[in-house]
Amino acid sequence: MNKHRSNPLVLYSVDHPGIVAWVMGLSTLLLILLALLPSLWPATFNTLNPLRVDTDPENMLSADESVRVFHNENKQIFTLRDMVVVGVVNPSHPEGVFNPASLKHIHELTEFAKTLTWADPKNPEKQVGVVEVDILAPSVVDNIEQGGMGVVNFSWLMPKPPTTQEEALAVRKKAQRIPLLNGTVVSEDGLAIALYLPLTDKHLSYQVREALLEKIAEWEGSGDEFHITGLPVAEDTFGVEMFYQMAISAPLAMLVIFLLLWWFFKKLSLIVAPMILAMVCSLATMGLLIISGNTIHIMSSMIPIFIMPIAVLDAIHILSDFFDEYQKRKDRRETILYVMQHLYTPMLFTTLTTIAGFASLLMTPIPPVQVFGLFIAIGVFLAWFWTITFIPAFIMFIPEEKLANFGHQTGDAQDSGLMSRLLSATGQVIYRNARLVLVGTGVAMVVGMYGISQININDNPIKWFDTDHPIRIADKVLNEHFGGTYLAYLQLAPGDSTETVAEYAQGMQQRLKIQGSVLAKEGVSNSNGIFGQLSNQVGQAVSAVKNKDALLRVLNDYINEQLNNVSDETFVVWDEAQLFVDSERQRDEIFKQPEVLRYISDLQLYLVSLDVVGKSSSVADVVKTVYRELLMGKDEAFRIPDSANAVAQSLITYQNSHRPHDLWHFITPDYRKGTVLVQLTSGDNQDMAAVEQRVKQYFQDHPAPFALTHRWFGLTYINVIWQEEMVAGMAVALAGSFVVVLVMMTVLFRSFLWGFLAMIPLAVTVWIIYGVIGLIGKDYDMPVAVLSALSLGLSVDYAIHFLSRSRQLLEQYGNWRDTVAHVFAEPARAITRNAIVVGVGFLPLLAAPLVPYQTVGIFIAAILILAGITSLLILPALITLLEPYLFRKKVGG
Amino acid sequence: MRIFRQIATLLLPLFFLLPLMASAVPTVDEIVQRSNMTTYYQGQDGRVQVEMMITDSQGRERQRRLTILRIDEAKSDVVEGQAYQGGQKFYVYFHRPADVSKMAFLVWKHLEQDDDRWLYLPALDLVKRIAATDKRTSFVGSDFFYEDVSGRRLDEDNHELVETTNSYYVIKNTPKDLAGVEFSYYTMFIHKQSYIPVQVEYYDKAGVKYRVAKALGVKTIQGYPTVTKASIDNLKIGSKTVMEYTDVEYDIGLDDALFTERYLRKAPRQQLR
């Protein structure tokens, strides 16, 4: 190698340090301004993208993902909205909230919630906020009951707060008789009440919650406890906590890195450089993220804390080397050029592998994960660029005399520090016990394999909050009392009909004949003749029409023509004929058919028999309730009536209420689609997935009428889907990044064997870490999944440095035995420092209030530290054993 | 000649006075009584075929066809002294959709007590009495309330003439008892000539307009100004119901006996066609 051939970029930076510093400063400032200005003055800078926060878990799937499209479609067709849920309990009263005082508060709170609407800032004509007509609360839902003397009574459940304890208990008794209310509004244990406040837009939940909290504060000390939860609330809280994370953990990481660097180098003027670098890279990357219109999301909010420790890694290598080399040369320019020259290639490759690791996340189908991977990759590139330009430039700013007593005074790589002594001893031990190290690794791998077999794939966004978080507490309290706060919906729709028009026509002719004779028996004259006439019409029309609807239209037109000019006598028959055609049309209204409702009813019974399902609701519950009350409220009448007409008439009776529109949350007005609302007591993805499996099996075992199809939606289900996609996507990303890194290593070392060698420690690390995850029973969740792929690119860095320096040194010393000691001097120290910096650098994530951040912090620290250890243990052991193969060429040449 | 001129001179001012007298503003009470009579009490009985179209916020439509028969207790249409007012009976019979055909409601509207309401469900072969303490519930799933069909008692509200425009008296009606109703007040735009409330706007307790009733078509039938098409918009839910009234007939001499439980099961087909 030519000593004087430095990289032109490095050389330029060394010669023009001022320009480099200015360019870096100004470009970063520009990015910050471009992001900041539209965020602070959105009106003035409306062509630029302002900072946007995204806490919507749906966005874990891309907007055109079929599950999500289906979810949103169904939310619309069944007018289902995001809700704030207020759970009310009163542990100090033996009847819970069923006492006059508590019910008065609940009544007042409901009235108050109705007023939580505001003029839409975009359209002042429109009101936004709580959707009054869909609120579920005792005072705004209908009760249906016996009114004495065979009278059925439809009225508000609790029109005004009761004044006596008896009345309070009566409210509970009434509500518990109504399946739609029991376990939803009134708890099954009869102690708690939940209010459901649907929102026009979930982003108003913060406003609504604040207003509710203020109102609730009036009743402090009354014994009533109010728990506000619901997905929108969780999301908003999430947004706030995300900023906490960025505001606490990121600066804390800076501080930790600073202290570590101080400990390593004890030279403030020097370690300022990597600190500036870390700052510049994270700010510039976040700036780019905002400028490009991406959002701050649970994933992207971690970008700064990822970039900071990674950004300083290369700088640490440079400083480490500079630290060791400076006293030999006593010339900063010559030293930095020397250091840069022999670090250039490993730095380039470590950067490329890191970029590859993060970029591999682009292979997952989860948009926020893609953004996270992409922007860290960009940040890592920036870090590399400024490392090879700004760090040398910065060193040129330090006056030579200030460096006089910097670094190893002796100029000898041997040092008496604890780390150095430990490392050099390690090197010797490994050289002598190479086989033992590998056996140990093998044992660890076997244990790891068992651990991996125990891995439990599961996630639950509510558990992203700490256990003592108000949302977790609300979640716990509500799920103790109610049928479950995790909602999933099962959409039911008729399957494709295989019946041809001809077959249908034949059936209809049959029915015409029957109806004709039925009418004849009822005394309608000429009914057989006219219905026979219709049957002929059907026979004539059938070949000319495309489908059933067209056939009915033809028939209806014919009847209307007759109706216009018939005598009074035959009018009755023709009217009956028209009625017949209408009833034929209604045969498609399958959610009025008793067999469909019975099927749903049975399915619901099956659902609640499952452990995690607390309750389910459907139109079948409505029909059964109304039917029972029409039949004197007898328990045995709590069933689906026997004809579609009876169902239709029960439903129209139900709709004579204050809230006829409630029905349309369960079925569409054409009675062609329906939903079953399933309340789960657990939001764990594995529980939802199990329910999904069982229901699928149920449909297989119990063929549904009309070949009913079933398909899930609702957020609890969406979570399962994105988890599945994440797990599958991560496997691809992991494999992808492994291959890419392996190829890079092979290119770097110009040898497949060496390339493969470089992959071993990180493969072992990832293997063991995931084994540990399985062993300790930590769920394989979103953060754990994300870490696997990206950690490959990061942890291969040690192997690159170790192997490339080993090769360089071996050239110098001729054989491995003599080289070991030198490898375990400066190179091992740099690796150790790196491992400590990145490892410890991520630990401030533990201070973040959300569990996924803590998980990321602890696992990435564990991976990086373990990768450092395995690199320093396994690589020298392998080289010791494989020396003849690895260095064959060198020996020969 | 002289005498004619004298008469003319005497009568001339009357010609100017006549229109003035006609447009003299009636009292609030007169306006609401007249309007009430026009809307609910014209003739001693009546029959109407109703085409009902309910359209939800997503444009999904449901159709119903029914016949409403009405008979008044008070056999008078005289507004003075409120002679027209009294109990009424309504018979509501369903034709379509097919699965609710032959279903029937019977309502006995009383001025001094809660109404009586019966329901006949042919598929269940069941006549059921329905408690009707609350008349502001949906009329068969539509945006109309029972009260919109049978009328709201005038003495339940305080009436106030807030404006007189070229064509309308604008009356603000505030309920005496806020507890039983979902509105805080409603404003009626009553047509000056016909006394038909052309538009009624309901305001909720936050003062937001949430419900609008409109008369979309008016015809004079048998000398009675009659609404032939009416709609109610529920602005909170976004749904709308339009009722079209055809074959309106008054004073057809309906038998009071038809309006009994007995005729629920055995519908008077002749009267319903």
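Residues numbered from 1 in each chain as written. Chains lettered and ligands numbered in written order. Predicted model: local features only at pLDDT ≥ 70, side-chain atom pairs only at ≥ 80, totals over all residues.

## Notes on the overall build of chain A
Within chain A, the secondary structure is distributed over 29 helices and eleven strands. Projected onto the principal axes, the alpha-carbon positions of chain A cover approximately 120 × 70 × 55 Å. A buried classification covers 51% of the 893 residues belonging to chain A. A separation threshold of at least 6 residues defines the contact pool for chain A, and within that pool the share at least 24 residues apart is 78%. (Helix = DSSP H or I, 4+ residues; strand = E, 2+ residues; numbered from the N terminus. Buried ≥ 20, exposed ≤ 12 C-beta atoms within 10 Å, placed from the backbone. Contact = placed C-beta atoms within 7 Å.)

## A short note on the environment of Ala-799 of chain A
Residue and element names in this part refer to chain A. Within the secondary structure layout, Ala-799 lies in helix α25 (residues 782-813). Assessed through the 28 C-beta atoms surrounding it within 10 Å, Ala-799 is described here as buried. As for Ala-799 and Ile-874, which are separated by 75 residues in sequence, their C-alpha atoms are 9.9 Å apart. With residues near it in sequence (within four places) discarded, Ala-799 still touches Ala-758, Pro-761, Leu-762, Ser-871 and Leu-875.

## Overview of the sheet that holds strand β7 (residues 225-229) of chain A
All names here are of chain A. Taken together, three strands build an open sheet; the order of strands is β6-β1-β7 and the sheet is antiparallel. Both outer strands of the open sheet, β6 (193-198) and β7, are each paired with one neighbouring strand and no more. Averaged over all adjacent pairs, the angle separating strand axes in this sheet is 20°, with direction ignored. With six bridges connecting them, strand β1 (residues 83-89) and β6 associate as antiparallel partners. Pairing of Val-85 across the sheet is with Tyr-196, part of β6. The strands touched by helix α4 (residues 100-114) within the sheet are β1 and β6, with β6 carrying the most contacts at an inclination of about 0°. In this fold helix α6 (residues 205-216) packs onto β1, β6 and β7, with an angle of close to 20° to the strand it touches most, β1. (Pairing = 2+ DSSP bridges. Axes fitted to C-alpha atoms, helices over the stretch in contact; angles between N-to-C directions.)

## Let's talk about the packing of helix α9 (residues 303-329) of chain A against helix α10 (residues 332-359) of chain A
All names here are of chain A. It is at 9 Å that the axes of α9 and α10 come closest, and there the two elements cross at 155°. On the basis of their axis angle, the class for α9 and α10 is roughly antiparallel. Our pair here, α9 against α10, has a crossing hand that is right-handed. Across the interface between the two elements, Ile-310, Asp-314, His-317, Ile-318, Asp-321, Phe-322, Glu-325, Tyr-326 and Arg-329 from α9 touch Glu-334, Thr-335, Ile-336, Tyr-338, Val-339, Leu-343, Met-347 and Thr-354 from α10. Its residues placed into classes, the contact of α9 with α10 shows nine nonpolar, three polar and five charged. (Parallel < 35°, antiparallel > 145°, perpendicular 65-115°, else oblique. Left-handed = near helix turned anticlockwise from the far one by under 90°. Nonpolar A, V, L, I, M, F, W, Y, C, P; charged D, E, K, R; others polar.)

## Considering unusual backbone geometry
Residue and element names in this part refer to chain B. Residues Arg-96 and Pro-97 are joined by a peptide bond in cis, for which omega reads -5°. With respect to the element layout, Pro-97 can be found in the loop between β3 (88-96) and β4 (104-109). Although it is not a glycine, Asp-247 sits at a positive phi angle of roughly 50°.

## Thoughts on the nonpolar core
Counting 298 residues, the largest nonpolar core has Val-86, Leu-277, Cys-281, Ala-383 and Val-623 of chain A together with Ala-104 of chain B as the members making the most contacts within it. Examining the composition of this core, we find that 19 residues originate from one element, helix α11 (residues 367-397) of chain A, more than from any other. Setting aside residues no more than four positions away along its own chain, Val-623 of chain A makes contact with Leu-597, Ile-640, Val-647, Ser-650 and Leu-651 of chain A. Residues Ile-530, Leu-551, Leu-555 and Val-573 of chain A belong to the second largest nonpolar core, which totals 17 residues. (Core = buried A, V, L, I, M, F, W, Y, C linked by C-beta atoms within 7 Å.)

## Concerning the interface of chain A and chain B
Accessible area lost when the parts come together is the quantity often used to give the size of an interface. With 36 residues of chain A at the interface, the matching set in chain B holds 31 residues. Counting residues per element, the ones that place at least two in the side of chain A that touches chain B are β5 (151-156), α18 (568-585) and α21 (644-654) of chain A. No other element matches the seven residues that α21 of chain A contributes to the side of chain A that touches chain B. Looking at the side of chain A that touches chain B residue by residue, the classes come out as 14 nonpolar, 17 polar and five charged. Here β5 of chain A runs beside strand β6 (residues 126-131) of chain B; their pairing, made up of three bridges, is parallel. Note on β6 of chain B: the bridge partner recorded for Val-152 of chain A is Ile-130 of chain B.

## So, the sheet that holds strand β10 (residues 674-680) of chain A
All names here are of chain A. Here four strands make up an open sheet; going across it, the order is β9-β10-β8-β11 and the pairing antiparallel. Strands with a single pairing partner mark the edges of an open sheet, and in this sheet they are β9 (613-617) and β11 (709-713). Direction aside, neighbouring strands of the sheet carry axes that sit 25° apart on average. Sheet topology places β9 next to β10; four bridges connect them, and they run antiparallel. Its bridge partner lying in β10, Val-613 is registered against Leu-680. Relative to β11, helix α3 (residues 66-77) is tilted by about 95°, and along the sheet it contacts β8 (486-493) and β11.

## Thoughts on the packing of helix α8 (residues 268-291) of chain A against α9 of chain A
Residues and elements named next belong to chain A. Taken N-terminus to C-terminus, the directions of α8 and α9 make an angle of 145°; their axes are 8 Å apart at the nearest point. Once α8 is placed against α9, the crossing between them reads as right-handed. Between α8 and α9, the contacting residues are Leu-270, Ala-273, Pro-274, Leu-277, Ala-278, Cys-281, Ser-282, Thr-285, Met-286 and Leu-289 on the first element and Ile-303, Pro-304, Ile-307, Met-308, Ala-311, Val-312, Ala-315, Ile-316 and Leu-319 on the second. Taken together, the residues that form the contact of α8 with α9 break down as 17 nonpolar, two polar and no charged.

## Some words on the pairing of strand β2 (residues 61-72) of chain B
Residue and element names in this part refer to chain B. In the sheet, strand β1 (residues 45-55) pairs with β2 via eleven bridges, with the strands oriented antiparallel. Bridging across to β2, Arg-47 finds its partner in Leu-69. Here β1 folds back onto β2, and the loop between the two strands holds five residues, one of which, Gly-59, carries a positive phi near 80°. Across eight bridges, the pairing between β2 and β3 is antiparallel. Bridge pairing links Leu-66 to Phe-94 in β3.

## With respect to the pairing of strand β7 (residues 157-164) of chain B
All names here are of chain B. The pairing of β7 with strand β8 (residues 168-175) spans seven bridges and is antiparallel. By the bridge assignment for β8, Asn-158 is matched with Thr-174. Linking two consecutive strands that pair antiparallel, namely β7 and β8, is a turn of three residues.

## Quick word on the confidence of the model for chain B
Low pLDDT marks stretches whose predicted atomic positions should not be read closely. Looking at chain B as a whole, the pLDDT averages 90, with 91% of positions reaching at least 70. Here the predicted complex carries an ipTM of 0.91, next to a pTM of 0.88. (pLDDT = per-residue confidence, 0-100.)

## Examining the environment of Leu-337 of chain A
All names here are of chain A. Considering the arrangement of structural elements, one finds Leu-337 in helix α10. We classify Leu-337 as buried; it has 20 C-beta atoms within 10 Å. Taking C-alpha positions, Leu-337 is 7.6 Å from Val-10, a pair spaced 327 residues apart along the chain. Those residues within four positions of Leu-337 in sequence are excluded, and the remaining contacts are Ser-6, Val-10 and Val-14.

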